[in-house]
Amino acid sequence: MNRKVAMSVALGILLLALSAGFTLVTRQGGLGPWESTDIAAAVTAVASAVALGNGLVQFLSWWRKRGGPAPAPTSADIGTAKDILAGLVNQQWRDETALRSLGDPAPMPLAWRSTARRELADHPEIIAKGTVAFPGSDVHIADMVRNFRALRCRRLVILGGPGTGKTTLAVQLVLELLRTRSPEEPVPVLLSAARWDDRVHPRLQDWLAESLALDYPALRAEGLGPDIPHALVARGEVLPVIDGLDELPQHARADMLAALIRSMSQTDQFVLTCRTEQFAESIEELGDVLTAAAVIEPQPMAAAEAGDYLRACLPPVPHPAWPRILEALHAGAAPALAEVVSTSLGLWLVRATYIAPRVDPTPLLELGRGSAAELHDHLCNRLIPAMVSAHPPADGPAQPFRPQHAWTAEQVDKWLTYLSRQLMAREEDPRDMAWWHLARYTPSRTVRLWAGVGIGVVVGLVFGLLTKQALAGLCIGLLSALIVVILIGSWFTESPGHANFEVRGRLSQLLGVLRDGLIVGAVGALVGWLMASPLGGTRAGLETARNIGLLAGIAFIVVLSLIRWVEHPATTATARSPRSTWRADRNLTIIRIVSGLVVGFMGGLIGREAKLDQSVAIVGGLLLGLLFGLMLGSHHAWLAYKLTVPRLATRGMLPLRAMDFLDDAHRLGLLRAEGPYYQFRHIELQQHLAREREREATPKEKLREPSELS
């Protein structure tokens, strides 16, 4: 808050100095009122008053709140919030399960057992009463959940190699826990481990609360009480299911496990997934195990079981090559194929690339006798063309599992490869793909400069033509360009926002807006008096104080305060997916623009009353109001996206309709959605695309890309 106040005050002082300079030039030149640079003086005076008043209001608000404790939510609030969260999580992962065909025609026949590596788990008697849980039989997911609930502390670590179904099991556990949840049990929530930076959030609870507020924004609804996400986490009402510890760098994994241990009290629960070797390395580095946590690993899927599963997925009359392939799998004549389908990922790849599109599966027989690595790469190379051909665009209304637009397999491959390389190049969050992060994939300096030049030229020309004063147009144009270049720098790092017009429970805040408007109006009147009275006398000072104060107060109330009142981080029930956050921020931008135009029109009316030419007053007011509305606020992610995507499209990195493409990649089953983020369905596919692109890139491309992607 102190930094924002300082920036607002600094901007106000700068604009006040410019206004005084314009006024001095006008008076010394003998120009009449409201002519030439007097227009620039009035505009900068209003902007200065708003900036100074905004700083004063924020300081007073901070001063009032600095010692006041927040009211605690009631038990009814907690119960309602848990039900809302459970419904949102259930809907999210049921959709993902359908996209991934996890239960069609039946769950994959994977068995899990307690790990035999005693150095990875705590003492058995601490983990569970009596016998050790998860004895290794091929049990139904309902039995897995019963075993989990039988644990003393309900802490579980799911290990396994690449593609062994760790995330699949975590999703199935979440859904079954939700299906059988009693009211007093916590709500399971699946989150990516890559999103937890223990340097920013040393405690698991702090990161979990922030993630809930972002991913499930319905919890921030006004009717649920104050700060529900933090209250749910603090009371142990959320079961974190942390997926993909292995995706962190080696040193970060051990740090996160240490933070997890520090965060756990006696009753805290969790589920964690990680590759076996990476977990073993982190435990060795840490020098300790996760207290009371059961550790399970998958048993390799037998070739016969995999063959039976594939046979169940085939149509009644399959391709003639399938009987030979299944026979070779059962007989052990295709060792590479047997190795690939021993994991859930390999089994899904075979199904997605050869069964779903109903193509000739003969290559499986040929490659199945060779190298498993070559067969895996072959399946990954075929995946995107297979998914595109198997899911043609929907002709009519939107369908959840069919794309809305026609993309070629080459385009999908190229654009996903670009995104995979961007994600893999980051040290933090290597999986989460946010649409507002696209603005960080290319330098913003050039965009900011050209945006400032473009807006400055337009504003300067309009004012120059209206006033027939080149100096006035030049001053206003330069000022507009300077403001744009300075203020839009933060757009490219801002998160999306949402407009909340709910009045119930917020009437006192709305009344505070009017009070703050009066304060800013008084500051504006003071600025006007100080600007005009030394040169024009008492009468001129009073008139200028009236005009500047009235316009500053209106501008602050209608645009800045009301925008601040309605503008929130994407925290409503409609803003819980990537597309909904995109729409929410776009709608907020439209609201700011309309508010700015309203203020500009009212300013034009005031200017006309002050003997300013009508066309200059109205058109100039609307133009500056539009600029005013665009610049204000704390959420400009949609605008940054709109400034960035055309540059990426001209380079062939992404299509111009980037959000449509991401949505369709999700419908194709290549991406998944986790709250407002997209992720690659399988980290192995993301890594494969990044590797293949690196191999194919020419030396010239390799030299060019770092500067393009900085």
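Residues numbered from 1 in each chain as written. Predicted model: local features only at pLDDT ≥ 70, side-chain atom pairs only at ≥ 80, totals over all residues. Heavy atoms only, no water.

Caption draft 1: Summary view of the overall build of the protein. Counting its regular elements, the protein contains 26 helices and 10 strands. Taken over 710 residues, the protein has a buried fraction of 55%. Relative to all contacts within the protein whose residues are 6 or more apart in sequence, the contacts with residues 24 or more apart total 78%. Summed over all atoms, the accessible surface of the protein reaches about 30800 Å², with 60% contributed by carbon and sulfur. (Helix = DSSP H or I, 4+ residues; strand = E, 2+ residues; numbered from the N terminus. Buried < 20%, exposed > 50% of the residue type's maximum accessible area, 1.4 Å probe, protein only. Contact = heavy atoms within 4.5 Å. Areas by Shrake-Rupley, 256 points an atom, 1.4 Å probe, with all protein chains shown as cover.)

Caption draft 2: Representation of the packing of helix H11 (residues 303-313) against helix H12 (residues 321-331) in the model. Viewed as axis vectors pointing N to C, H11 and H12 meet at an angle of 160 degrees, and their least axial separation amounts to 8 Å. The angle between the axes of H11 and H12 places the two elements in the roughly antiparallel class. Where H11 crosses over H12, the handedness of that crossing is left-handed. Residues Ala303, Ala304, Ala306, Gly307, Asp308, Leu310 and Arg311 of H11 pack against Leu326, Leu329 and His330 of H12. Grouping the amino acids of the contact of H11 with H12 by side-chain chemistry returns six nonpolar, two polar and two charged. (Axes fitted to C-alpha atoms, helices over the stretch in contact; angles between N-to-C directions. Parallel < 35°, antiparallel > 145°, perpendicular 65-115°, else oblique. Left-handed = near helix turned anticlockwise from the far one by under 90°. Nonpolar A, V, L, I, M, F, W, Y, C, P; charged D, E, K, R; others polar.)

Caption draft 3: Structural detail: unusual backbone geometry. A positive phi angle, close to 55 degrees, is found at Arg154, a residue other than glycine. Residue placement: Arg154 occurs in the loop between helix H5 (141-149) and strand S2 (155-160). Its identity as a non-glycine residue notwithstanding, Arg358 has a phi of 55 degrees, on the positive side. Looking at the element boundaries, Arg358 is found in the loop between helix H14 (344-355) and helix H15 (362-367). Residue classification places Arg358 among the exposed residues on the basis of a relative accessible area of 65%.

Caption draft 4: Fine view of the confidence of the model for the protein. Averaged over the protein, the pLDDT score is 77; the fraction of residues at 70 or greater is 68%. Counted against residues more than four places away or in other chains, residues 697-710, with its pLDDT under 50, gives 20 contacts. (pLDDT = per-residue confidence, 0-100.)

Caption draft 5: Quick look at the side chain of Ser342. For Ser342, the position within the fold is in the loop between helix H13 (335-340) and H14. Under the relative-accessibility criterion, Ser342 is labelled buried at 19%. Polar side-chain contacts of Ser342 include one of 2.6 Å to the backbone oxygen of Glu339. When sequence neighbours within four positions are dropped, the list of residues in contact with Ser342 reads Pro300 and Met301. (Polar contact = N/O pair within 3.5 Å; in protein donor to acceptor, adjacent residues only side chain to side chain.)

Caption draft 6: Seen up close, the environment of Trp435. Mapped onto the elements, Trp435 comes out in the loop between helix H17 (409-425) and helix H18 (445-467). In terms of polar contacts, Trp435 uses its side chain to reach the side chain of Thr581, at 2.9 Å.

Caption draft 7: Structural detail: the packing of H11 against H14. Orientation of H11 relative to H14, taken along the N-to-C sense of each, is 30 degrees, at an axis distance of 11 Å. It follows that H11 is roughly parallel to H14 by the angle criterion. Where H11 crosses over H14, the two elements pack in a sense that is right-handed. Note on element contacts: H14 touches H11 through Leu347, Val350, Arg351 and Ile355, opposite Ala306, Tyr309, Leu310 and Cys313. Split by residue class, the contact of H11 with H14 holds seven nonpolar, no polar and one charged.

Caption draft 8: Broad picture of H11. Of all the positions in H11, only Ala306, Gly307, Tyr309, Leu310 and Cys313 are classed as buried. The arc that holds every buried residue of H11, seen down its axis, measures 160 degrees, which confines them to one face. Against the buried residues of H11 lie H12 and H14. (Arc of directions from axis to C-beta.)

Caption draft 9: Spatial organisation of the sheet that holds S2. Pairing is mixed in the open sheet, where six strands are placed in the order S1-S6-S2-S5-S4-S3. What marks the edges here is a single partner per strand, and that holds for strand S1 (111-114) and strand S3 (187-192). Strand-to-strand, the axes of this sheet are offset by a mean angle of 25 degrees, without reference to chain direction. (Pairing = 2+ DSSP bridges.)

Caption draft 10: Here's a closer look at a nonpolar patch on the surface. Taken together, the side chains of Leu449, Trp450, Val453, Val457, Leu461 and Leu465 make up a nonpolar region of the molecular surface, amounting to roughly 660 Å² of accessible area. The residue Val453 is located in helix H18 in this model. (Patch = residues over 30% accessible without salt bridge, like charges linked within 9 Å, V, L, I, M, F, W, Y side chains within 5 Å. Salt bridge = Lys/Arg side-chain N within 4 Å of Asp/Glu carboxyl O.)

Caption draft 11: Focus on the pattern of salt bridges. Overall, the coordinates contain 16 salt bridges when judged by the stated rule. Put simply, Arg117 and Glu119 hold a salt bridge, and the shortest N to O gap is 3.0 Å. Exposure remark for Glu119: the relative accessible area of 45% places this residue in the partly exposed category. As a salt-bridge pair, Arg275 and Asp246 come within 3.7 Å of each other at their nearest N and O atoms. Taken together, the residues Arg275 in strand S5 (residues 270-275) and Asp246 in the loop between strand S4 (238-243) and helix H9 (250-263) connect sequence positions 29 residues apart. Relative accessible area serves as the criterion here: at 13%, Asp246 is assigned to the buried category. Taken together, the shared-partner salt bridges connect Arg117, Glu119 and Glu277 into one network.

Caption draft 12: Broad picture of the pairing of S2. Most of S2 sits inside the fold, with six of its six residues counted as buried. Bridge count between S2 and S5: six bridges; the pairing is parallel. Bridging across to S5, Arg155 finds its partner in Phe270. With three bridges joining them, S2 and strand S6 (residues 294-299) adopt parallel strand pairing. From the neighbouring strand, Val157 faces S6, where its bridge partner is Val295.

Caption draft 13: Up close: the nonpolar core. Residues Leu85, Leu272, Phe279, Leu416 and Leu419 are the most contacted members of the largest nonpolar core, which totals 156 residues. When sequence neighbours within four positions are dropped, the list of residues in contact with Phe279 reads Leu120, Val157, Leu159, Leu245, Leu257, Leu272, Cys274 and Leu290. Val459, Phe463, Ile476 and Leu623 belong to the second-largest nonpolar core, a separate cluster that totals five residues. (Core = buried A, V, L, I, M, F, W, Y, C linked by side-chain atoms within 4.5 Å.)

Caption draft 14: Expanded view of the environment of Leu671. Turning to its location among the elements, Leu671 is positioned in strand S9 (residues 671-674). Considered as a pair, Leu671 and His682 are 11 residues apart in the sequence and their alpha carbons are 8.2 Å apart. Among all residues touching Leu671, those that are not within four sequence positions of it are Leu416, Met433, Leu662, Ala665, His666, Tyr678, Gln679, Phe680 and Arg681.

Caption draft 15: Representation of the packing of aromatic side chains. Counted by the stated rule, this structure contains 10 aromatic pairs. On the basis of an interplanar angle of 85 degrees and a centroid distance of 5.7 Å, the ring pair of Trp407 and Phe661 is categorised as edge-to-face. Here Phe661 lies in helix H24 (residues 658-667) and Trp407 lies in the loop between helix H16 (372-390) and H17, a separation of 254 residues in the sequence. Judged by relative accessible area, Trp407 falls into the buried class, the value being 11%. Look at Phe661 and you get buried, because its relative accessible area is 1%. Ring plane angle 80 degrees and centroid distance 6.2 Å describe the contact between Tyr418 and Tyr441, whose orientation is recorded as edge-to-face. (Phe/Tyr/Trp six-rings, centres within 6.5 Å; stacked < 30°, edge-to-face > 60°.)

Caption draft 16: Summary view of the pairing of S4. Where burial is concerned, most of S4 is hidden: six out of the six residues are buried. Neither face of S4 is open: one carries Val238, Pro240 and Ile242, the other Leu239, Val241 and Asp243, and all of them are buried. Here six bridges tie S3 to S4, and the two strands are oriented parallel to one another. By the bridge assignment for S4, Val189 is matched with Pro240.

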